[in-house]
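Below are the chains, spelled out letter by letter.
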Amino acid sequence: MTALSCGSLVGPQAVSAHTAATAAAAAAATRSGRGTNILVVGIDSRAGLSTAEKNRLHVGGKGCNCTDVMMLVHLSEDERRASVVSIPRDSYVAYAGTAVPPRSGKINGAFALGGGPLTVATVEQATGLHVDHYLETDFTGFERTIDNLGGGTVCTDRPLKDENSGLDITSGRHHTDGNRTLRYVRARHVNLRPGDLGRVRRQQRVVNDLLARLTVEGALASPVRTARTVHTLLKTVRTGAGTGPGDLIRIGWALGRLRADRTEFATVPIRLFDHRVPGVGSTLVWDEARSAALWGALGADRPITGDTRIQPVAETPAPTNPAAIGVRVDDAAVAAALRGNGFVVTDTSPSASPVRPAGPPVIRYAPGQEEHAATLAAALPGSRLEAVPGHDAVFDVAVGAEPVRVKTVTYDRNIADGAPVSGESLRCAEPPGPVPASRS
């Protein structure tokens, strides 16, 4: 149901008190024992938008009539856990259908070829999971849905600005209207790891915090209250043919009863982040073993957090890629070890003082480079970190008199941007509630 809040469903549908009272019982009679899977997509289409509307939404350019956002929501059979898995739009998959040879491309292209039905069939083929319900939205539908539900929550520990999406917010926690929430979830150029995976995580945060606020406000506290929320959604949302108000009431009421730690979010694990395909462009290739473990867990109705088959646990994880970190090191042996670890190293030992200061290595860097600093510090356990105003973009490592041990760090972009996590850990620091922190 949280994912519904980021959707737009076909045609307003009436939700009666009788529907609300009988929805859970009726749905229980037809459910299988494997839980419920809901595919939620956002469409990149400018069809019917005036120039003024495009400017207001900051969606200039040509739409592709393809899916821009895709989330697979799994509600467990006992309705005590919800798992939300984002499928990046550039995932390289074979399209469902009878074409010979099979046609492959970015997963977002399935919609342009065959609309919702082919999108559902392609996701089912790629994941091995049956999709029970389908929901779709477009830009205006998303904006209106967020506004109708009372706004979204955006939190960030640093200012975020992206000219392409129009995003421009300060650090902190913000209560945002539909327009600014749309800019937040569409931004792709705002952090150290630009592209879809960082954007997908922000989408998950919005969904997570919206569900938390609706729960706190009681919008999903009973079948009748959930029916009112569903009625609001159905003013702006489109559903597949097999999805009715009763289905949405059951799903929403179940989600409203979940404990904070019973929701989980992940992105499909990726093996190749820039797989070039002639005629298709840059694509993402799923990690075969880890993605199979992910779909297998959902198919077996198991949690995805804590499953090391989906997300192996590195001995020394690095939050950022060492290959993006330039380092000057005044000790030849340490310089060689860091270079072997993937860092971009300049050996400054020929000009170093022969007398080493007491203590461990000191890492000096420019303020704002804390994530890279954490990666370098992971490789040099026990080192001291010093943020130096005016320092250039290259890190300096001054080795002291103490023995230095260089550890091998493991950078996994799937950990940084899409590892399975609980909704509780994604939530904004301040508890969500009916009173907004600030309105943007």
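Residues numbered from 1 in each chain as written. Predicted model: local features only at pLDDT ≥ 70, side-chain atom pairs only at ≥ 80, totals over all residues. Heavy atoms only, no water.

Peer 1: Even after reading the chapter, I still don't get the overall build of the protein chain, so can you show me in this structure?
Peer 2: The helix and strand tally for the protein chain stands at 14 helices and 22 strands. Summed over all atoms, the accessible surface of the protein chain reaches about 18500 Å², with 54% contributed by carbon and sulfur. (Helix = DSSP H or I, 4+ residues; strand = E, 2+ residues; numbered from the N terminus. Areas by Shrake-Rupley, 256 points an atom, 1.4 Å probe, with all protein chains shown as cover.)

Peer 1: Any chance you could explain the sheet that holds strand 22 (residues 421–422) here in plain terms?
Peer 2: Whenever strands of a sheet pair, they do so through backbone hydrogen bonds, lying parallel or antiparallel. A sheet is described by the order of its strands in space; here seven strands give the open sequence 11-6-1-2-3-12-22, paired in mixed fashion. Bordering the open sheet on either side are strand 11 (238–239) and strand 22, each of which pairs with just one other strand. Note that strand 1 (residues 36–44) and strand 6 (residues 133–137) share five bridges and pair parallel. Within strand 6, the residue paired with Gly 42 across the bridge is Thr 137. Lying on the sheet, helix 7 (residues 196–216) is in contact with strand 2 (66–75), strand 3 (82–86), strand 12 (263–267) and strand 22; it crosses strand 12 at an angle near 165°. Packed onto the sheet, helix 10 (residues 288–299) meets strand 2 and strand 3 and runs at close to 150° relative to strand 3. (Pairing = 2+ DSSP bridges. Contact = heavy atoms within 4.5 Å. Axes fitted to C-alpha atoms, helices over the stretch in contact; angles between N-to-C directions.)

Peer 1: Before we go on, may I ask you to explain the nonpolar core in this structure?
Peer 2: Within soluble globular proteins, side chains that are nonpolar generally end up buried alongside one another. By size, the foremost hydrophobic cluster in this structure holds 44 residues, and its most contacted members are Leu 167, Tyr 184 and Leu 255. Non-local contacts of Tyr 184, meaning those with residues more than four positions away in its chain, are made with Val 154, Cys 155, Leu 160, Leu 167, Ile 169, Arg 202, Arg 205 and Val 206. Grouped together as the second largest cluster of nonpolar side chains are 28 residues, Leu 284, Trp 286, Ala 297 and Ile 304 included. (Core = buried A, V, L, I, M, F, W, Y, C linked by side-chain atoms within 4.5 Å. Buried < 20%, exposed > 50% of the residue type's maximum accessible area, 1.4 Å probe, protein only.)

Peer 1: How should I be thinking about the side chain of Thr 267 in this particular structure?
Peer 2: Here Thr 267 shows up in strand 12. Given the relative accessible area of 5%, Thr 267 is considered buried. Separated by 3.3 Å, the side chains of Thr 267 and Gln 204 make a polar contact. Apart from residues no more than four positions distant in its own chain, Thr 267 is found in contact with Ser 86, Pro 88, Leu 197, Val 200, Gln 204, Asp 417 and Gly 418. (Polar contact = N/O pair within 3.5 Å; in protein donor to acceptor, adjacent residues only side chain to side chain.)

Peer 1: Can you walk me through the pairing of strand 18 (residues 362–365) in this structure?
Peer 2: Looking along a regular strand, one sees the side chains alternate between the two faces of the sheet. Sheet analysis places strand 18 next to strand 19 (residues 384–387), joined by four bridges and oriented parallel. Counterpart to Tyr 365 in the pairing with strand 19 is Ala 387. Taken together, the three bridges between strand 18 and strand 20 (residues 395–398) define a ladder with antiparallel strand orientation. Pairing of Arg 364 across the sheet is with Asp 396, part of strand 20.

Peer 1: Just to check I follow, could you spell out the sheet that holds strand 19 for this structure?
Peer 2: With mixed pairing, five strands are arranged side by side in an open sheet as 17-16-20-18-19. Every other strand in the sheet has two partners, leaving strand 17 (344–347) and strand 19 as the edge strands with one partner each. Here the average twist between neighbouring strands, direction ignored, is 25°. Of the pairings in the sheet, the one linking strand 16 (residues 326–329) to strand 20 comprises three bridges and is parallel in character. Residue pairing for strand 20: Val 327 is matched across the bridge by Phe 395. Each of strand 16 and strand 17 touches helix 11 (residues 332–340); the most contacted strand, strand 17, lies at about 165° to it.

Peer 1: How should I be thinking about the layout of surface pockets in this particular structure?
Peer 2: Rolled over the atoms, a probe sized like a water molecule indicates the empty space that remains. Its boundaries defined by the atoms lining it, the second largest pocket holds a volume of some 200 Å³. Taken together, 14 residues make up the lining of the second largest pocket; nearest its centre are Asp 68, Asn 164, Arg 186, Arg 188 and Arg 199. (1 Å grid on protein atoms, 1.4 Å probe; cavity = no way out; pocket = protein on both sides within 12 Å on 5 of 7 lines; lining within 4 Å. Points joined across faces, edges and corners; volume = space filled by probe spheres on them.)

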